[in-house]
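# Geometric and topological summary
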Amino acid sequence: MYFWHQPDFDKLRASRQGRHHALLLTGAPGIGKSAFARAWAGALLCERIDANGRACGHCSACTWFAQGNHPDFRTLIPEAIDPFHEPTGKGAKPARDIRIDQVRALAGFVSVGGHRGGSKVILVDPADSLNAASGNALLKTLEEPSGDTRFLLVSSRPDWLPATIRSRCAVVALRAPSTQQAVDWLVEEHGLSRTEATRLLAAAGGAPLRARDLAEPELGAAHRLVLEAIAKLPQASLIATAERLVGVESAQWVAILQTWVAELARVRSGAAPRFYPEQGARLETLARQTDLGRISELETRIRRLTRYAEHPLNPRLLCENALVDYCSLFETSGPR
Ligand SMILES: [Zn+2]
């Protein structure tokens, strides 16, 4: 768990909410929600929690947990992001959603008592990667929890979860660290200069884990390439721009486009850019060519797009359509 979440941890521990059988941990992406969930799970399983309610880190439960083989702990994680997933069939693509057979495989686990006589813990991360079938299957388990089974659901997009699942959970909103805390962390733990840390943190929308990723040369370069390509529109060729964007994952360029459009809205309403201050002049120029009404409509459409960006049927088409839509911001009204 990251140090900035210590107050959230203490508060949850002291509250009745903390004893709820299903917690839904929410908050912006890249602030460390998964680490918080694991720390909470570790504390539920630890057999000698310390005075602050944290796992001791030394007992046999803690040792198993750290090795990923505690008998009373299970995870529901999409194969595509599960570090322990071993591909089976040749050429089979790892799934990006949580599949129903993963949920069904929990049936035995949920129905028997814990091996160690304490809580059993199921981590669902990210919970918004449940699909309709697996969500439904999980709901049945949430509705009839047996024994001391505790669910930890993690999501940056809780509104994507079926209302039936959300309503079974106690929602815990985790805070992002302050800029100061995040910059200190990037400097001290990742060796960035203060200037670089501040710049990357802004580009990452204040999310320190994302900023850390952007500091990696490959990801940082991809981010810059996408940003620069988008910034050159609508003058640059749309086809050439799409060509560059489809080189990265759809979810990545959609996130950058979304942030860029949010910046346009800020600048259009007279505020200073927050994420891309180095593009301030360009944003000014573009913002003068459109209006807030059109920007806000586009923001709604892009938000919808983020859902499809995870599994695009045709990434190229998705990209071209999005760019045409974006460029329409700057069209002067009247007959085309
Ligand atoms: Zn322990």
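Each chain carries its own residue numbering, running from 1 in the direction its sequence is written. Under the rules for a predicted model, residues below a pLDDT of 70 receive no local features and side-chain atom pairs below 80 are neither given nor counted, while totals for whole chains, interfaces and linings still include all residues.

### Brief notes about the overall build of the chain
Here a strand is any run of E in DSSP of at least two residues, a helix any run of H or I of at least four, and the numbering for each starts at the N terminus. Each helix and strand in the chain was counted, giving 16 helices and 5 strands. The reference for a compact globule is 2.2 Å times residues^0.38; the radius of gyration itself is calculated from the C-alpha atoms. Computed over its C-alpha atoms, the radius of gyration of the chain comes to 22 Å, within 12% of the 20 Å expected for a compact globule of 336 residues. Along the first, second and third principal axes, the C-alpha atoms of the chain reach 70 × 40 × 40 Å. The burial tally for the chain puts 35% of its 336 residues in the buried class. Sequence-distant contacts in the chain: of pairs separated by 6 or more residues, those separated by 24 or more amount to 69%. Residues are called buried when their C-beta atom has 20 or more other C-beta atoms within 10 Å, exposed when it has 12 or fewer, and partly exposed otherwise; all C-beta atoms are positioned from the backbone. Our contact criterion uses C-beta atoms placed from the backbone: two residues qualify when those atoms are within 7 Å.

### Points about unusual backbone geometry
With an omega of -5°, the peptide bond between D125 and P126 qualifies as cis. The residue P126 is located in the loop between strand 3 (120–124) and helix 6 (132–143) in this model. For the bond from L233 to P234, the omega torsion is 5°, close enough to zero to count as cis. Looking at the secondary structure, you find P234 in the loop between helix 11 (217–231) and helix 12 (238–245).

### Examining the pairing of strand 4 (residues 149–155)
Most of strand 4 sits inside the fold, with 7 of its 7 residues counted as buried. Where burial is concerned, the two faces of strand 4 agree: the one with T149, F151, L153 and S155 and the one with R150, L152 and V154 are both buried. A pair of strands counts as paired when DSSP detects no fewer than two bridges linking them. Where strand 3 lies against strand 4, 5 bridges are found, and the strand directions are parallel. Residue V124 lies in a different strand from strand 4, and its bridge partner there is L153. Crossover connection from strand 3 via helix 6 to parallel strand 4: handedness right-handed. Seen with the strands pointing away from the viewer, any crossover whose path from the first strand over the helix to the second strand runs clockwise is right-handed.

### A closer look at the confidence of the model for the chain
Known as pLDDT, the predictor's per-residue confidence is scaled from 0 to 100. Scored by pLDDT, the chain has a mean of 89; 97% of the residues are at 70 or more. Across the chain, the secondary-structure element scoring lowest on mean pLDDT is helix 5 (residues 107–111), at 83, and the one scoring highest is strand 1 (residues 22–26), at 97.

### Description of the sheet that holds strand 3
If you trace the 5 strands from one edge of the open sheet to the other, you get 2-3-4-1-5, paired in parallel fashion. Strands at the two margins of the open sheet, each flanked by one partner only, are strand 2 (73–76) and strand 5 (170–173). Across the sheet, the axes of successive neighbouring strands diverge by a mean angle of 20°, strand direction being ignored. Across 4 bridges, the pairing between strand 1 and strand 5 is parallel. The axes used here are C-alpha line fits, helices contributing only the stretch in contact, and every angle between their N-to-C directions lies in the interval 0 to 180 degrees.

### Focus on helix 11
An α-helix turns once every 3.6 residues. As a result, residues three or four positions apart point the same way. Here a helix's expected span is defined as the number of its residues, less one, multiplied by 1.5 Å. Between its first and last C-alpha atoms helix 11 spans 21 Å; for 15 residues at 1.5 Å apiece the expected length is 21 Å, and the two agree. Within the span of helix 11, buried status applies to H223, V226, L227, A229 and I230. Down the axis of helix 11, the smallest arc covering the buried residues is 165°, so these residues share one side. The outward face of helix 11, more than 90 degrees from its buried face, is lined by the exposed residues P217, E218 and A221. Those residues of helix 11 that are buried lie in contact with helix 9 (194–203), helix 10 (208–214), helix 12 and helix 13 (250–268). This arc is taken over the directions from the axis of the helix to the C-beta atoms.

### Section: the nonpolar core
To define a nonpolar core, we join buried Ala, Val, Leu, Ile, Met, Phe, Trp, Tyr and Cys residues through C-beta atoms within 7 Å and take the resulting set. Core analysis: the biggest nonpolar cluster contains 55 residues, and L25, A41, V124, L152 and L153 have the highest contact counts within it. The dominant element in this core, judged by the number of residues it contributes, is helix 2 (residues 33–45), at 7 residues. Split by domain, the residues of this core number at least three in each of domain 1 (3–173) and domain 2 (177–206). Not counting chain neighbours up to four residues away, the residues in contact with A41 comprise F73, V121, L123 and L152. A242, L283, A309 and L323 belong to the second largest nonpolar core, which has 25 residues in total. An automatic or database domain assignment supplies the start and end points of every domain.

### A word on the environment of E249
Tracing the chain through its elements places E249 in the loop between helix 12 and helix 13. Since 14 C-beta atoms lie within 10 Å of it, E249 is described here as partly exposed. Residues E249 and A309, spaced 60 residues apart in sequence, show a C-alpha to C-alpha distance of 8.4 Å.

### Overview of the packing of helix 11 against helix 12
Helix-helix packing is characterised by the crossing angle of the two axes and by the distance between the axes. Interaxial distance between helix 11 and helix 12 falls to 10 Å at its minimum, and their mutual angle equals 165°. In this view, helix 11 runs roughly antiparallel relative to helix 12, as classed from their interaxial angle. Handedness of the crossing formed by helix 11 with helix 12: left-handed. Residue-level inspection shows L225, V226 and A229 of helix 11 in contact with helix 12, the latter providing T241, R244 and L245. Each residue gets one of three labels, nonpolar for Ala, Val, Leu, Ile, Met, Phe, Trp, Tyr, Cys and Pro, charged for Asp, Glu, Lys and Arg, and polar for the others, Gly among them. Across the contact of helix 11 with helix 12, the residue classes tally to 4 nonpolar, 1 polar and 1 charged. Angles below 35 degrees are treated as roughly parallel, those above 145 as roughly antiparallel, those between 65 and 115 as roughly perpendicular, and all remaining angles as oblique. Take the far helix as your reference; a near helix turned counterclockwise from it by less than a right angle gives a left-handed crossing, and one turned clockwise gives a right-handed crossing.

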